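Okay, here's what each chain looks like letter by letter:
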Amino acid sequence: MKKILDSFKRFVSKNKAFSIIFIIAFVLIFQQISYVDLIHDDAIYATRSIGLVDYMFGDKQPTPLVWSEAYPWWANLSYHDHPPLIFIIQFFFFQFGTSTFFAKLPFALFGLGTLLLTYLWTKKLFNQRVAEIAAVLLTLNSYFLWSARVGYLEIGVTFFTLLTLFLLQKFLK
């Protein structure tokens, strides 16, 4: 733990401007995050994540839950319309409580992770100044802030895509 704290202190001291940008993004993302209730897709995703059940609340799109009398064992391994990783991550956050805050928390953390990866990758490709500009522009982007504050899958996809590209570039070097 001491090693992690020391490396964190070194990162903050070397990247003071980014640390300020990160704090601003943190405040913008987490400010009253539970104020707006879950509606539309984020409510469906949260409900499906609570019990890891592939069910869509309708007769127009049947799921394995209604295909047979007994819920098949393999139905928890895959969702018929979305990849299960985000649902599994949200399920683990629901172990702390089933509230709007815990439903939106993984997406807010994905947003902060996306900001961090954007900064690190841009710094590696160009320089620190360009990385700081990219981080400011991302922090001020209303769509980025919105996607990090609601429970839609887009910010998770963005985070994992950026993580993949970041690690691929690291691997190729």
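What counts and what doesn't
Residues numbered from 1 in each chain as written. Predicted model: local features only at pLDDT ≥ 70, side-chain atom pairs only at ≥ 80, totals over all residues. Heavy atoms only, no water. Salt bridge = Lys/Arg side-chain N within 4 Å of Asp/Glu carboxyl O. Helix = DSSP H or I, 4+ residues; strand = E, 2+ residues; numbered from the N terminus. Buried < 20%, exposed > 50% of the residue type's maximum accessible area, 1.4 Å probe, protein only. Phe/Tyr/Trp six-rings, centres within 6.5 Å; stacked < 30°, edge-to-face > 60°. Core = buried A, V, L, I, M, F, W, Y, C linked by side-chain atoms within 4.5 Å. Contact = heavy atoms within 4.5 Å. pLDDT = per-residue confidence, 0-100.

Undergrad: Honestly, the pattern of salt bridges in this entry has me stumped. Any pointers?
TA: Close approach of charged atoms allows side chains with opposite charge to pair. Counting across every chain of the model gives one salt bridge. For E132, the salt bridge identified is with R129, shortest N-O distance 3.6 Å. Of this pair, E132 and R129 both sit in helix α7 (residues 128-139), three residues apart, which is roughly one turn of that helix. Relative accessible area serves as the criterion here: at 58%, R129 is assigned to the exposed category.

Undergrad: I'm lost on the packing of aromatic side chains in this one. Help?
TA: When we look at a pair of aromatic rings, we describe it by the centre distance and by the angle of the planes. This structure, assessed with the given rule, holds 12 aromatic pairs. Ring plane angle 75° and centroid distance 5.3 Å describe the contact between W146 and Y152, whose orientation is recorded as edge-to-face. According to the relative accessible area criterion, W146 is partly exposed, its value standing at 36%. Aromatic ring contacts, followed pair by pair, group F107, F110, F159 and F160 into a single cluster.

Undergrad: Quick question: what am I supposed to make of the nonpolar core here?
TA: Generally speaking, soluble globular proteins have nonpolar side chains that are buried together. Ranked by size, the top nonpolar core spans 38 residues in total, and within it I29, F30, F110, L115, A135 and F144 carry the most contacts. Residue assignment for this core shows that the elements contributing at least two residues are α2 (16-30), α3 (41-51), α5 (85-93), α6 (100-125), α7, α8 (142-149) and α9 (154-172). In terms of residue count, α6 provides more of this core than any other element does, 11 residues in total. The residues touching F144, leaving out its near neighbours within four places in the chain, are I29, G111, T114, L115, L138, T139 and I155.

Undergrad: Hey, could you run me through the confidence of the model for the protein chain in this one?
TA: Do not read the fine detail of predicted coordinates wherever pLDDT is low. On average, the protein chain scores 84 in pLDDT, and the residues at 70 or more come to 88%. Mean pLDDT per element in the protein chain: helix α4 (residues 64-67) is the minimum at 68, and α7 is the maximum at 94.

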